[in-house]
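# Structural overview for review
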Amino acid sequence: MKRFYVTTPLYYVNDRLHLGHAYSTIAADVLARYHRLRGEDVFFLTGTDEHGQKIAEAAASAGVTPQEWADRIVEDDQDLWKRLNISHDEFIRTTEGRHHRAVQQAFRAMREGGDIYPGTYRGPYCVPCETYHLPAEVEGGNCPDCGRPVTEVSEETFYFKLSRFEKPLLKHFEQHPDFLRPAARVAEMVRFIRQGLRDQSISRTQVRWGVPVPDQPGHTVYVWFDALMNYLTAAGYGAGQIPSTWPADVHVVGKEIVRFHTVIWPAMLMALGLPLPRRVFGHGWWTVEGEKMSKSRGNVVDPRAVCDEVGVDAFRYFLLREVPFGSDGDFSRASLRRRYAADLANDLGNLVSRIVPLARRHLGARSPRAPEGDPELRRAAGVLAERMPGWMDELEFHAALSGVWDLVTAANRFIDRAAPWRLTGNGDRSRLGEVVGQVLEVLRLLSIHLAPFMPETAAAIGGVVGQGLSPRDYPAAVRWGGLVEGRELPEAKPLFPKDRVTR
Ligand code: MSP
């Protein structure tokens, strides 16, 4: 069976998660669900990044130990993933023993291989980003990435010989044009590598909250070296096993951490003699009502509040439909409302609520046969089935959803043309059956195509038309004509009540 290994970034536990974190995770969830639907053996990993100075400081200001602090946040994170219907197979915490063992094993192996050596580090460090910078990059004492003040660090350290991997990394980019997506980010990374890579400091003596460096008391492993290793830990590295799940198929990450995932991480894997992940996808960032989301602005969006209002599927839909994955987007009440009212309540919701009651009232609440079908409708269904795999391979979620909506639109237009309500009075039952059967067949197809994106909606539609959620043979299931004749048609509850977004 084909394996598919997909990851989210490991989230810092300094604070509660918000819209941006939900975005990375929902996208990875959609991929995981899609590949399961294709019958693949999916391993979907998420978890928490719990070490480092930032977490230690958050815990200290709350007056608890870092471990206590992390335990609290982790519970909250897991609660959110449940709420968002995230279907991860495993949740990894960097404070787990298995992860400590993996990090230490990797550290030892690289040290023995000559890729780790001792030295001293002096220079600026950004605690919120947990990133080292060059003095020249720091403008006015502020981090070039997040704009917050940097701290000066001066300490003994171990260096990772990143410079040794300049050429191999460039060669990898050249030979694997698929490695980084969107393709537009490749040039930037290649430029960065070509400028020359400096060896990377990978241990701290001023930070106690971390994985202890093996055989060197007083040093803890730099939090990014530690965190990146999680993808290997979860695959079995460090447990004496050959990591059979490795390499990952896709690391879904935000654009600001692409550099860690396409430069440092691959270099670490090269040093360990392990294969590189097949792909890294760097998605865009969300602003809120046109402004950067930040605690100080007080505009941080809690995904739970959005779900309370519009429902979890509408939230998932909005995030993946509004902008191409890879581009930046703006989360505004007006655009959320617009998508809800137009795409969900009107287009999709009405499609269901127009046809199911008609069938229940006039066709004895039984599904008719799905006939050959109106050519336009069949064409729309065929195009969607054909193009979906390509969109999903490229993580073009907005295109996939827009393709699904082409079928929704085609079905609504078909209903307008066929005007089934005119067929109820004069006894033209067979024509009515033909029309309703075709629309129910479209609903069946929609329940499959929507399943990765909107699991609850897909299950509700599938429940009406009798399509189970895990079709064993995907290519056959998305072909026209699978509607089972003579099944009882249950009532359809309104999927997207209109009064939800009028407030
Ligand atoms: N701990 C590191 C990742 C280690 S991976 C081995 C980290 N954690 S994080 O808690 O800061 O979460 C990062 C993820 O949240 C990234 O994918 C990032 O892009 C996403 N987002 C945080 N704010 C965001 C927006 N405003 N918009 C979109 N995504 C953003 O980095």
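Here's what I pulled together on the structure shown here. Just so we're clear, the structure is a prediction, and the values are computed from it rather than from any experiment.

### So, the overall build of the chain
Across its full length, the chain carries 17 helices and 16 strands. For the chain, whose C-alpha radius of gyration is 26 Å, the value lies close to the compact-globule estimate of 23 Å for 503 residues. Taken along its principal axes, the extent of the C-alpha atoms in the chain is 90 × 45 × 40 Å. The burial tally for the chain puts 57% of its 503 residues in the buried class. Across the chain, the fraction of contacts at a sequence separation of at least 24, relative to all contacts at a separation of at least 6, is 79%.

### Let's talk about the packing of helix α12 (residues 333–362) against helix α15 (residues 429–449)
For the pair α12 and α15, the least separation of the axes is 10 Å and the interaxial angle reads 140°. The orientation of α12 with respect to α15, classified from their angle, is oblique. For the element pair α12 and α15, the recorded crossing hand is left-handed. Of the residues in α15, those in contact with L348, L351, V352, I355, V356, L358, A359 and H362 of α12 are R429, L432, V436, V439, L440, L443 and L446. Split by residue class, the contact of α12 with α15 holds 13 nonpolar, 1 polar and 1 charged.

### As for the pattern of salt bridges
Summed over all chains, the structure comprises 36 salt bridges. Residue R204 is joined to E155 by a salt bridge in which the shortest nitrogen-to-oxygen separation is 2.6 Å. Of the two residues, R204 sits in strand β10 (residues 203–204) while E155 sits in strand β7 (residues 151–160), which places them 49 residues apart along the sequence. Judged on exposure class, the residue R204 and its partner E155 are both buried. We note a salt bridge from R354 to D416, for which the minimum N-O separation is 2.5 Å. Here R354, found in helix α12, pairs with D416, found in helix α14 (residues 397–418); they are 62 residues apart in sequence, far enough to count as distant. What emerges from the salt-bridge pattern is a single network uniting R16, D76, D79, D302 and R304.

### What to know about the site of the ligand
Around the ligand lies a shell of 24 residues, among which L10, S24, D49, G254 and W286 are the nearest. Here S24 contributes a side-chain N or O atom positioned 2.9 Å from an oxygen atom of the ligand. W286 is positioned such that a nitrogen or oxygen atom in its backbone is 2.9 Å from a nitrogen atom of the ligand. When grouped by side-chain class, the residues that make up the shell around the ligand number 13 nonpolar, 9 polar and 2 charged.

### Observations regarding the packing of aromatic side chains
Within the structure shown, the criterion is met by 26 aromatic pairs. Judged by centre distance (4.8 Å) and plane angle (20°), the ring pair of F281 and F325 falls under stacked. Taken together, the positions of F281 in strand β13 (residues 280–283) and F325 in the loop between α11 (312–322) and β16 (329–331) put the pair 44 residues apart, joining distant regions of the chain. Like F281, the residue F325 is buried in the burial classification. Taken together through their ring pairs, the aromatic side chains of Y23, F281, W286, F318, F325, F331, F397 and F453 make up a single cluster. In this arrangement the basic side chain of R204 is found over the ring face of Y125, its NZ or CZ atom lying 4.5 Å from the centre.

### Quick word on the sheet that holds strand β14 (residues 286–288)
Overall, mixed pairing links the 3 strands, which are arranged β15-β14-β16 in an open sheet. Because the sheet does not close on itself, it has two edges, and the strands there are β15 (291–292) and β16. Pairing analysis gives 3 bridges linking β14 to β16, with the strands arranged parallel. Following the sheet pairing, W286 is matched in β16 by G329.

### Regarding helix α6 (residues 186–194)
Turning to α6, its buried residues are M189, V190 and I193. Buried residues in α6, looked at end-on, bunch into an arc of 100°, giving them a common side. For α6, the exposed residues lying more than 90 degrees away from the buried face are R191 and R194. Where α6 is buried, its residues touch α5 (166–175), β8 (180–181) and α9 (258–272).

### A short note on the sheet that holds strand β9 (residues 200–201)
Read across the open sheet, the 4 strands follow the order β6-β5-β7-β9; overall the sheet is antiparallel. Looking at which strands have only one partner, the edges of the open sheet turn out to be β6 (131–132) and β9.

### As for unusual backbone geometry
Geometrically, the link from R181 to P182 is a cis peptide bond, its omega value of -5° lying close to zero. A positive phi angle, close to 55°, is found at A365, a residue other than glycine. Taking relative accessible area as the criterion, A365 reaches 15% and is therefore assigned buried.

### Observations concerning the packing of helix α1 (residues 19–37) against helix α13 (residues 375–393)
At a minimum axis distance of 11 Å, the contact between α1 and α13 shows a crossing angle of 135°. The orientation of α1 with respect to α13, classified from their angle, is oblique. As for how α1 packs across α13, the hand of that crossing is left-handed. Note on element contacts: α13 touches α1 through M388, P389 and M392, opposite V30, L31 and Y34.

Reading the values: the criteria
- Residues numbered from 1 in each chain as written.
- Predicted model: local features only at pLDDT ≥ 70, side-chain atom pairs only at ≥ 80, totals over all residues.
- Heavy atoms only, no water.
- Helix = DSSP H or I, 4+ residues; strand = E, 2+ residues; numbered from the N terminus.
- Rg over C-alpha atoms; globule rule 2.2 N^0.38 Å.
- Buried < 20%, exposed > 50% of the residue type's maximum accessible area, 1.4 Å probe, protein only.
- Contact = heavy atoms within 4.5 Å.
- Axes fitted to C-alpha atoms, helices over the stretch in contact; angles between N-to-C directions.
- Parallel < 35°, antiparallel > 145°, perpendicular 65-115°, else oblique.
- Left-handed = near helix turned anticlockwise from the far one by under 90°.
- Nonpolar A, V, L, I, M, F, W, Y, C, P; charged D, E, K, R; others polar.
- Salt bridge = Lys/Arg side-chain N within 4 Å of Asp/Glu carboxyl O.
- Near = heavy atom within 4 Å.
- Polar contact = N/O pair within 3.5 Å; in protein donor to acceptor, adjacent residues only side chain to side chain.
- Phe/Tyr/Trp six-rings, centres within 6.5 Å; stacked < 30°, edge-to-face > 60°.
- Lys NZ or Arg CZ within 6 Å of the ring centre and 35° of its normal.
- Pairing = 2+ DSSP bridges.
- Arc of directions from axis to C-beta.

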